[in-house]
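Notes for the structure review
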Amino acid sequence: MSETIDTIDADKDDVTPAAAADAAGEEKAGGDDILVQEGDIAGDYLERLLDLLDYDGDIDLDVEAGRAIVSIDGGEDLEKLVGPRGTVLEALQELTRLAVQQETGSRSRLMLDIAGWRADRREELRELGRSTAESVLQSGERVRLQPMSPFERKVVHDAVAAVSGVTSESEGEDPKRRVVIFPES
């Protein structure tokens with residue numbers, strides 16, 4: 001792969017769009033390979049954890065938006081691995097990222113979901129962001145939401161961005177960092 005990129009860099013003026021697209025596709029495929037490797041390492045780590053806990057669960061690996069996604073579904077005890085407001089899930093995600101980093105030598109942005117909690121929470125937060133943005137649009141008053149994790153704040157910011165006439169920003173320090181939604185000036 002590096003030979004192709006070196007050739008393209010050396011002959012920039014002679015590169016056809018098709019050759020540039022092929023090189024970019026190879027580079028992206030290489031990135032996806034790394035993400036698949038991260039998912040495999042995470043899956044093995046989580047499988048060992050489930051075995052130690054004697055919990056049942058099916059592990060699914062995917063690559064989406066430039067990050068490895070690992071989800072565990074199907075077991076009765078999995079709710080215990082989510083914890084209140086996803087606190088145990090967040091801790092397990094960090095431990096899994098560390099396990100991946102130990103194997104690969106580089107920091108992972110891997111996302112972990114257990115029992116569909118993140119997917120469900122994402123929908124709740126989209127609705128919260130949208131409805132709060134519409135309320136701010138009508139009232140003209142800014143609204144400060146409850147403190148949220150970085151994952152939760154990102155979902156809310158994205159939902160607010162879809163409503164014209166309002167904007168959002170985060171304020172405060174973790175773990176009390178929160179989203180503030182206000183009318184655009």
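See the structure printed just above.
Residues numbered from 1 in each chain as written. Predicted model: local features only at pLDDT ≥ 70, side-chain atom pairs only at ≥ 80, totals over all residues. Heavy atoms only, no water.

Attention shifts here to the pairing of strand 6 (residues 178-183). The element strand 6 is extensively covered by neighbouring structure, given that 5 of its 6 residues are classed as buried. Across 2 bridges, the pairing between strand 4 (residues 143-144) and strand 6 is antiparallel. Note that in strand 6 the partner of Val143 across the bridge is Ile181. With 6 bridges joining them, strand 5 (residues 166-171) and strand 6 adopt antiparallel strand pairing. Across the sheet, Glu171 pairs through a bridge with Arg178, a residue of strand 6. (Buried < 20%, exposed > 50% of the residue type's maximum accessible area, 1.4 Å probe, protein only. Helix = DSSP H or I, 4+ residues; strand = E, 2+ residues; numbered from the N terminus. Pairing = 2+ DSSP bridges.)

Pairing is antiparallel across the open sheet formed by 3 strands, whose spatial order is 4-6-5. Of all the strands in the sheet, the pair left with one neighbour each is strand 4 and strand 5. Set on the sheet, helix 4 (residues 117-139) makes contact with strand 4, strand 5 and strand 6; between it and strand 6 the angle comes to about 35°. Here helix 5 (residues 150-161) sits on the sheet and contacts strand 5 and strand 6; the angle it forms with strand 5, its principal contact strand, is near 160°. (Contact = heavy atoms within 4.5 Å. Axes fitted to C-alpha atoms, helices over the stretch in contact; angles between N-to-C directions.)

Glycine aside, the phi torsion of most residues is negative, and most peptide linkages are trans. Following Asp174, the chain continues into Pro175 via a peptide bond in cis, with omega recorded as 10°. The topology assignment puts Pro175 in the loop between strand 5 and strand 6. The backbone of Asp54 shows a phi angle near 60°, a positive value even though the residue is not glycine. Within the secondary structure, Asp54 is located in the loop between helix 2 (17-53) and strand 1 (58-64). Located in the positive-phi region is Ala115, a residue other than glycine, with phi close to 55°. Position of Ala115 among the secondary structure elements: in the loop between strand 3 (111-114) and helix 4. Overall, the relative accessible area of 29% leaves Ala115 in the partly exposed class.

Here we come to the packing of aromatic side chains. All told, the structure shown has 0 aromatic pairs when counted by the stated rule. Of note, Arg118 hangs over the ring of Phe151, and the distance from its end group to the ring centre comes to 4.9 Å. (Phe/Tyr/Trp six-rings, centres within 6.5 Å; stacked < 30°, edge-to-face > 60°. Lys NZ or Arg CZ within 6 Å of the ring centre and 35° of its normal.)

Before going further, it helps to spend a moment on the pattern of salt bridges. Per the counting criterion, the structure on display carries 13 salt bridges. Residues Arg85 and Glu152 are paired through a salt bridge, measuring 3.6 Å at the closest nitrogen-oxygen approach. Of this pair, Arg85 sits in the loop between strand 2 (67-73) and helix 3 (87-104) while Glu152 sits in helix 5, placing them 67 residues apart in sequence. On the accessibility criterion, Arg85 (51% relative accessible area) is exposed. Judged by relative accessible area, Glu152 falls into the buried class, the value being 4%. Its salt-bridge partner being Glu123, residue Arg126 comes within 2.4 Å of it at the nearest N-O pair. Of the two residues, Arg126 and Glu123 both sit in helix 4, 3 residues apart, roughly one turn of that helix. Overall, the relative accessible area of 45% leaves Glu123 in the partly exposed class. The network of salt bridges with common partners includes Arg85, Arg121, Glu124 and Glu152. (Salt bridge = Lys/Arg side-chain N within 4 Å of Asp/Glu carboxyl O.)

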